[in-house]
Amino acid sequence: MKLVIAIVNNEDGAVVSSALTKEGFFITKLITTGGFLMTGNNTFLIGAEDEAVPRVKEIIRTYSNTRKHAVPSTATFGVGLRPDELPTDAEVTVGGATVFVLSIDGMEKY
Ligand code: 2BA
(Lines give C-alpha, C1' and ligand atoms only; values in the text may rest on other atoms or scores of the structure.)
Protein backbone atom coordinates (compact mmCIF):
# COMPACT_ATOMS: atom_id res chain seq x y z
CA MET A 1 0.00 0.00 0.00
CA LYS A 2 1.23 3.47 -0.86
CA LEU A 3 0.33 7.02 -0.02
CA VAL A 4 0.78 9.28 -3.02
CA ILE A 5 1.22 12.96 -2.19
CA ALA A 6 0.89 15.12 -5.28
CA ILE A 7 1.34 18.88 -5.42
CA VAL A 8 -0.54 20.24 -8.41
CA ASN A 9 -1.01 23.74 -9.79
CA ASN A 10 -4.25 25.39 -8.67
CA GLU A 11 -5.41 25.69 -12.25
CA ASP A 12 -5.09 21.93 -12.84
CA GLY A 13 -6.52 20.83 -9.49
CA ALA A 14 -10.13 20.41 -10.57
CA VAL A 15 -9.40 18.34 -13.65
CA VAL A 16 -6.87 16.16 -11.81
CA SER A 17 -9.32 15.42 -8.99
CA SER A 18 -12.13 14.72 -11.40
CA ALA A 19 -9.97 12.35 -13.50
CA LEU A 20 -8.82 10.45 -10.39
CA THR A 21 -12.28 10.05 -8.87
CA LYS A 22 -13.76 9.06 -12.21
CA GLU A 23 -11.40 6.07 -12.24
CA GLY A 24 -12.43 5.11 -8.72
CA PHE A 25 -9.52 6.48 -6.71
CA PHE A 26 -10.24 7.91 -3.27
CA ILE A 27 -8.60 11.28 -2.80
CA THR A 28 -8.29 14.12 -0.33
CA LYS A 29 -7.57 17.55 -1.72
CA LEU A 30 -5.80 20.04 0.50
CA ILE A 31 -5.59 23.71 -0.35
CA THR A 32 -1.91 24.53 0.07
CA THR A 33 0.60 27.28 -0.58
CA GLY A 34 3.98 26.91 -2.28
CA GLY A 35 6.74 28.14 -0.02
CA PHE A 36 8.66 29.88 -2.80
CA LEU A 37 6.04 31.73 -4.86
CA MET A 38 3.59 31.87 -1.95
CA THR A 39 0.78 31.14 -4.41
CA GLY A 40 -1.94 28.55 -4.05
CA ASN A 41 -1.61 24.98 -5.16
CA ASN A 42 -3.52 21.78 -4.46
CA THR A 43 -2.03 18.85 -2.58
CA PHE A 44 -3.67 15.49 -3.12
CA LEU A 45 -3.47 12.56 -0.71
CA ILE A 46 -4.23 9.30 -2.47
CA GLY A 47 -4.11 5.95 -0.71
CA ALA A 48 -3.64 3.27 -3.36
CA GLU A 49 -2.57 -0.34 -3.78
CA ASP A 50 0.98 -0.70 -5.11
CA GLU A 51 -0.15 -1.88 -8.54
CA ALA A 52 -2.45 1.15 -8.97
CA VAL A 53 0.29 3.71 -8.37
CA PRO A 54 1.54 3.85 -12.00
CA ARG A 55 -1.98 4.71 -13.15
CA VAL A 56 -2.35 7.37 -10.45
CA LYS A 57 0.91 8.95 -11.58
CA GLU A 58 -0.09 8.73 -15.24
CA ILE A 59 -3.37 10.57 -14.59
CA ILE A 60 -1.59 13.29 -12.62
CA ARG A 61 1.08 13.64 -15.32
CA THR A 62 -1.54 13.86 -18.09
CA TYR A 63 -3.51 16.69 -16.52
CA SER A 64 -0.74 18.73 -14.89
CA ASN A 65 0.68 21.44 -17.11
CA THR A 66 3.98 23.27 -16.98
CA ARG A 67 3.77 27.05 -16.61
CA LYS A 68 6.14 29.97 -16.46
CA HIS A 69 5.55 32.13 -13.43
CA ALA A 70 7.02 35.51 -12.61
CA VAL A 71 8.85 35.54 -9.29
CA PRO A 72 7.30 38.08 -6.93
CA SER A 73 9.34 39.87 -4.29
CA THR A 74 7.73 37.60 -1.65
CA ALA A 75 9.92 34.80 -3.03
CA THR A 76 13.10 36.39 -1.72
CA PHE A 77 13.34 34.00 1.23
CA GLY A 78 13.74 31.18 -1.28
CA VAL A 79 16.63 32.73 -3.18
CA GLY A 80 18.20 34.50 -0.24
CA LEU A 81 17.96 37.93 -1.85
CA ARG A 82 16.50 41.20 -0.66
CA PRO A 83 13.56 42.48 -2.74
CA ASP A 84 15.75 45.19 -4.28
CA GLU A 85 18.30 42.55 -5.37
CA LEU A 86 15.78 40.36 -7.20
CA PRO A 87 15.79 40.76 -10.98
CA THR A 88 12.44 42.19 -12.08
CA ASP A 89 12.19 39.78 -15.01
CA ALA A 90 12.87 36.67 -12.92
CA GLU A 91 10.61 33.75 -13.70
CA VAL A 92 10.47 30.08 -12.83
CA THR A 93 8.94 27.03 -14.44
CA VAL A 94 6.24 25.55 -12.23
CA GLY A 95 5.12 21.95 -12.51
CA GLY A 96 3.55 19.92 -13.99
CA ALA A 97 3.22 18.21 -10.61
CA THR A 98 5.52 17.24 -7.76
CA VAL A 99 4.74 13.71 -6.63
CA PHE A 100 5.94 11.81 -3.58
CA VAL A 101 5.20 8.09 -3.15
CA LEU A 102 5.38 6.82 0.44
CA SER A 103 5.25 3.19 1.51
CA ILE A 104 2.73 2.80 4.31
CA ASP A 105 1.91 -0.11 6.61
CA GLY A 106 -1.75 0.02 5.77
CA MET A 107 -4.96 1.98 5.86
CA GLU A 108 -7.93 1.51 8.13
CA LYS A 109 -11.37 3.03 8.13
CA TYR A 110 -13.59 2.97 11.17
P1 2BA B 1 6.68 26.83 -4.76
O2 2BA B 1 7.48 26.55 -3.56
O3 2BA B 1 5.86 28.07 -4.78
O4 2BA B 1 7.69 26.82 -6.02
C5 2BA B 1 7.27 27.23 -7.32
C6 2BA B 1 8.40 27.07 -8.31
O7 2BA B 1 9.47 27.94 -7.94
C8 2BA B 1 9.01 25.68 -8.35
O9 2BA B 1 8.26 24.87 -9.23
C10 2BA B 1 10.43 25.96 -8.84
O11 2BA B 1 10.45 26.17 -10.24
C12 2BA B 1 10.73 27.30 -8.19
N13 2BA B 1 11.41 27.17 -6.90
C14 2BA B 1 10.93 26.65 -5.76
N15 2BA B 1 11.82 26.75 -4.76
C16 2BA B 1 12.90 27.36 -5.27
C17 2BA B 1 14.17 27.76 -4.74
N18 2BA B 1 14.48 27.53 -3.46
N19 2BA B 1 15.04 28.38 -5.57
C20 2BA B 1 14.73 28.62 -6.86
N21 2BA B 1 13.54 28.26 -7.44
C22 2BA B 1 12.64 27.64 -6.65
P23 2BA B 1 8.09 23.31 -8.89
O24 2BA B 1 9.42 22.70 -8.59
O25 2BA B 1 7.30 22.71 -10.01
O26 2BA B 1 7.25 23.23 -7.55
C27 2BA B 1 5.87 23.53 -7.49
C28 2BA B 1 5.38 23.45 -6.05
O29 2BA B 1 5.54 22.10 -5.59
C30 2BA B 1 6.19 24.30 -5.08
O31 2BA B 1 5.67 25.63 -5.05
C32 2BA B 1 5.98 23.56 -3.75
O33 2BA B 1 4.71 23.87 -3.20
C34 2BA B 1 5.95 22.12 -4.21
N35 2BA B 1 7.26 21.46 -4.12
C36 2BA B 1 8.16 21.33 -5.11
N37 2BA B 1 9.23 20.64 -4.70
C38 2BA B 1 9.00 20.33 -3.40
C39 2BA B 1 9.74 19.62 -2.42
N40 2BA B 1 10.97 19.09 -2.67
N41 2BA B 1 9.21 19.49 -1.18
C42 2BA B 1 8.00 20.02 -0.89
N43 2BA B 1 7.24 20.70 -1.78
C44 2BA B 1 7.73 20.85 -3.03
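1. Focus: the nonpolar core
Point 1. Within the largest apolar cluster, 15 residues are counted, with the highest numbers of intra-cluster contacts made by Leu20, Phe25, Ile46, Val56 and Ile60.
Point 2. Elements with a contribution of two residues or more to this core: β1 (2–9), α1 (10–22), β3 (40–48) and α2 (53–63).
Point 3. For Ile46, the contacting residues outside a window of four places in its chain are Lys2, Leu3, Val4, Leu20, Phe25, Phe26, Ile27, Val56 and Ile60.

2. Topic: the pairing of β1
Point 1. Pairing of β1 with β3 involves eight bridges; the strand directions are antiparallel. Counted as the bridge partner of Lys2 is Ala48 from β3.
Point 2. Pairing of β1 with strand β6 (residues 97–103), which is carried by seven bridges, proceeds in the antiparallel orientation. Bridging from a neighbouring strand, Ala6 pairs with Val99 of β6.

3. Let's talk about the site of the ligand
Point 1. Lining the immediate surroundings of the ligand are 13 residues, of which Phe36, Leu37, Asn41, Thr93 and Gly95 lie closest.
Point 2. For the ligand, an oxygen atom lies 2.9 Å from a polar atom in the backbone of Phe36.
Point 3. At 2.8 Å, a backbone N or O of Thr93 approaches an oxygen atom of the ligand.
Point 4. Starting from 740 Å² of accessible surface for the ligand in isolation, the protein chains cover 56%.
Point 5. Breaking the shell around the ligand down by element, the ones donating at least two residues are β5 (91–94) and β6.
Point 6. Ranked by residues supplied to the shell around the ligand, first place goes to β5 with three residues.

4. Thoughts on the side chain of Asn41
Point 1. Locating Asn41 in the fold gives a position in strand β3.
Point 2. In this structure Asn41 comes out as buried when scored by relative accessible area, which is 14%.
Point 3. The residues contacting Asn41, other than those within four sequence positions of it, are Ile7, Val8, Asn9, Asn10, Leu30, Ile31, Thr32, Thr33 and Gly34.

5. Focus on α2
In an α-helix there are 3.6 residues to a turn, and that puts residues three or four apart on one side.
Point 1. Residues of α2 that are buried: Val53, Val56, Ile59 and Ile60. All buried residues of α2 fall inside an arc of 125 degrees around its axis, so they share one side.
Point 2. In this structure, the buried residues of α2 make contact with β1, α1, β3 and β6.

6. A closer look at unusual backbone geometry
Point 1. The residue after Gly95, namely Gly96, is reached through a cis peptide bond having omega -5 degrees.
Point 2. Of note, Gly96 is situated in the loop between β5 and β6.
Point 3. Of note in this structure, Met38 is not a glycine but carries a positive phi near 60 degrees.
Point 4. Residue position: Met38 is located in the loop between β2 (27–33) and β3.
Point 5. We classify Met38 as partly exposed; its relative accessible area is 48%.

About the thresholds
- Residues numbered from 1 in each chain as written.
- Predicted model: local features only at pLDDT ≥ 70, side-chain atom pairs only at ≥ 80, totals over all residues.
- Heavy atoms only, no water.
- Core = buried A, V, L, I, M, F, W, Y, C linked by side-chain atoms within 4.5 Å.
- Buried < 20%, exposed > 50% of the residue type's maximum accessible area, 1.4 Å probe, protein only.
- Helix = DSSP H or I, 4+ residues; strand = E, 2+ residues; numbered from the N terminus.
- Contact = heavy atoms within 4.5 Å.
- Pairing = 2+ DSSP bridges.
- Near = heavy atom within 4 Å.
- Polar contact = N/O pair within 3.5 Å; in protein donor to acceptor, adjacent residues only side chain to side chain.
- Areas by Shrake-Rupley, 256 points an atom, 1.4 Å probe, with all protein chains shown as cover.
- Arc of directions from axis to C-beta.

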